[in-house]
Amino acid sequence: MPCIVSVASGKGGVGKSMVVSNLGLLLAKTGLRVTLVDLDIGGANLHILFGMFHPPATLTDFLTNTLNNLNEIAQPIPSHSILKLIPGTGETLITANLPYAKKKRLIRHLQKHDADIILVDVGAGTSYHALDFFLLADYFLAVATPDPTSVLDLYRFIKLAAIRKVLTAFLARDPVADALLDKDFHSVAAVLEAVGRTSEQGVTIAQEALKRFQPALILNRMTPKSRINTLHLQHLLKQYVGTDLSILGNIPEDIHVQQSILKYLPVVELAPSSPATIALHQIADNVRKMVEQPPESVGRTEEIRKIRA
Ligand SMILES: Nc1ncnc2c1ncn2[C@@H]1O[C@H](COP(=O)(O)OP(=O)(O)OP(=O)(O)O)[C@@H](O)[C@H]1O
Ligand SMILES: [Mg+2]
């Protein structure tokens, strides 16, 4: 069974794909069998970052049943053959209309894919697809820039993901409560209250699910002038969502990143001693340490009963 790490953000354009491609390469260089998966709905471009303009097989082939095994779609990246990629395509997931059963099949196949680590590029936004792809993982990375709108969008994304996680964990065991999935919950506390009303066990199941949801933050495009109050963000998430957000690392604003994208090469390759590369090495080490511990002990888990108050 692979270890799945998903990478998401509230806002688009904050550097997710850059992080996924570089971390993937660094982790593969340590000897791990790494597969990158592009689940960015409508905006899949990981293959382009590696200069693959016409991938021979993409997720479309899986979703349309042309190929039935993700192992056939995961292909070594020609310029970096230690790393595999399951490419998306621009319109893949939209044109395939992705009903729930297809999404479940994709998730099931990813969970048994032949790799040590799968890095999932989830894409921006808070659609159900984005939330479900984020949540299919064992470990959760969130990327933000110091821009206040990026931080706010990230807070919203994590809150909605937590609500969805709690609801789906509960509904998996209590189909009678299916209708809850269609309700528009605005807080985790409201969900806990609703599941508590439906079933006595509901709250315990929901709390267990939340314990395993401990996202880690990567701050990208930091400059010496950046002012970001991560403590405030951590406090908000703890108080209103019940999750502990750990900080995995900061990546500075670095012109080498733009240059690397124009050259279709990961920055860690193009500029091995650049500030961004040094930061990415540190983050790759931290990801390795993170996946060596059980998901529920990432960050500090505490009783989440408080958030019901
Ligand atoms: N640390 C950095 N320093 C300088 N520029 C950066 C840095 N990180 C990202 N960028 C710039 O931001 C752009 C967007 O990065 P990227 O495509 O990885 O974002 P994304 O979050 O995947 O976007 P989308 O939501 O559209 O998928 C890059 O093309 C690059 O020019
Ligand atoms: Mg992207």
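Residues numbered from 1 in each chain as written. Chains lettered and ligands numbered in written order. Predicted model: local features only at pLDDT ≥ 70, side-chain atom pairs only at ≥ 80, totals over all residues.

1. Considerations on the overall build of the protein
Part 1 of the reasoning: Along its length, the protein carries 14 helices and eight strands.
Part 2 of the reasoning: Counting the 309 residues in the protein, one finds 45% classified as buried.
Part 3 of the reasoning: Taking the contacts inside the protein whose residues are at least 6 apart along the sequence as the reference set, 77% of them involve residues at least 24 apart. (Helix = DSSP H or I, 4+ residues; strand = E, 2+ residues; numbered from the N terminus. Buried ≥ 20, exposed ≤ 12 C-beta atoms within 10 Å, placed from the backbone. Contact = placed C-beta atoms within 7 Å.)

2. Some words on the environment of Ser226
Part 1 of the reasoning: The topology assignment puts Ser226 in the loop between β7 (216–222) and α11 (230–241).
Part 2 of the reasoning: On a C-alpha basis, the gap between Ser226 and Pro146 in space is 6.2 Å, while along the polypeptide they are 80 residues apart.

3. Brief notes about the pairing of strand β5 (residues 117–124)
Part 1 of the reasoning: The buried count for β5 comes to eight of eight residues, which makes it a mostly enclosed element.
Part 2 of the reasoning: Pairing analysis gives seven bridges linking strand β1 (residues 3–9) to β5, with the strands arranged parallel. Counted as the bridge partner of Ala8 is Gly123 from β5.
Part 3 of the reasoning: As defined by bridge partners, strand β2 (residues 34–38) adjoins β5 across five bridges and the pair is classed as parallel. Its bridge partner lying in β5, Leu36 is registered against Leu119. (Pairing = 2+ DSSP bridges.)

4. Thoughts on the packing of helix α1 (residues 16–29) against helix α14 (residues 275–292)
Part 1 of the reasoning: One can describe the packing of α1 onto α14 by two numbers: an axis separation of 9 Å at closest approach and a directional angle of 65°. Classed by the angle they form, the pair α1 and α14 counts as roughly perpendicular. α1 and α14 meet at a crossing whose hand is right-handed. Across the interface between the two elements, Asn22, Leu23, Leu26 and Leu27 of α1 pack against Leu280, His281, Ile283, Ala284 and Val287 of α14.
Part 2 of the reasoning: The class makeup of the residues in the contact of α1 with α14 is seven nonpolar, two polar and no charged. (Axes fitted to C-alpha atoms, helices over the stretch in contact; angles between N-to-C directions. Parallel < 35°, antiparallel > 145°, perpendicular 65-115°, else oblique. Left-handed = near helix turned anticlockwise from the far one by under 90°. Nonpolar A, V, L, I, M, F, W, Y, C, P; charged D, E, K, R; others polar.)

5. Details of the sheet that holds strand β4 (residues 80–86)
Part 1 of the reasoning: Strand order in the open sheet formed by eight strands is β3-β4-β2-β5-β1-β6-β7-β8, with mixed pairing between adjacent strands. Each edge of the open sheet carries a strand with a single partner, namely β3 (75–77) and β8 (246–252). Sheet twist, expressed as the average angle between the axes of neighbouring strands with direction ignored, equals 25°.

6. Some details on the environment of Glu292
Part 1 of the reasoning: You can see Glu292 is positioned in helix α14.
Part 2 of the reasoning: On the basis of neighbour count, Glu292 is assigned to the exposed category, with 8 C-beta atoms found within 10 Å.
Part 3 of the reasoning: Along the primary structure Glu292 and Cys3 are separated by 289 residues, whereas in three dimensions their C-alpha atoms are 9.7 Å apart.

7. Let's talk about the confidence of the model for the protein
Part 1 of the reasoning: Averaged over all residues, the pLDDT of the protein equals 86, while 89% of them reach at least 70.
Part 2 of the reasoning: Across residues 300–309, confidence stays below pLDDT 50; counting only partners more than four residues off in sequence or on other chains, it has 16 contacts. (pLDDT = per-residue confidence, 0-100.)

8. Some thoughts on the nonpolar core
Part 1 of the reasoning: Grouped together as the largest cluster of nonpolar side chains are 92 residues, with contacts concentrated most on Val7, Leu23, Leu119, Val120, Phe134 and Val166.
Part 2 of the reasoning: The dominant element in this core, judged by the number of residues it contributes, is helix α8 (residues 148–173), at 13 residues. (Core = buried A, V, L, I, M, F, W, Y, C linked by C-beta atoms within 7 Å.)

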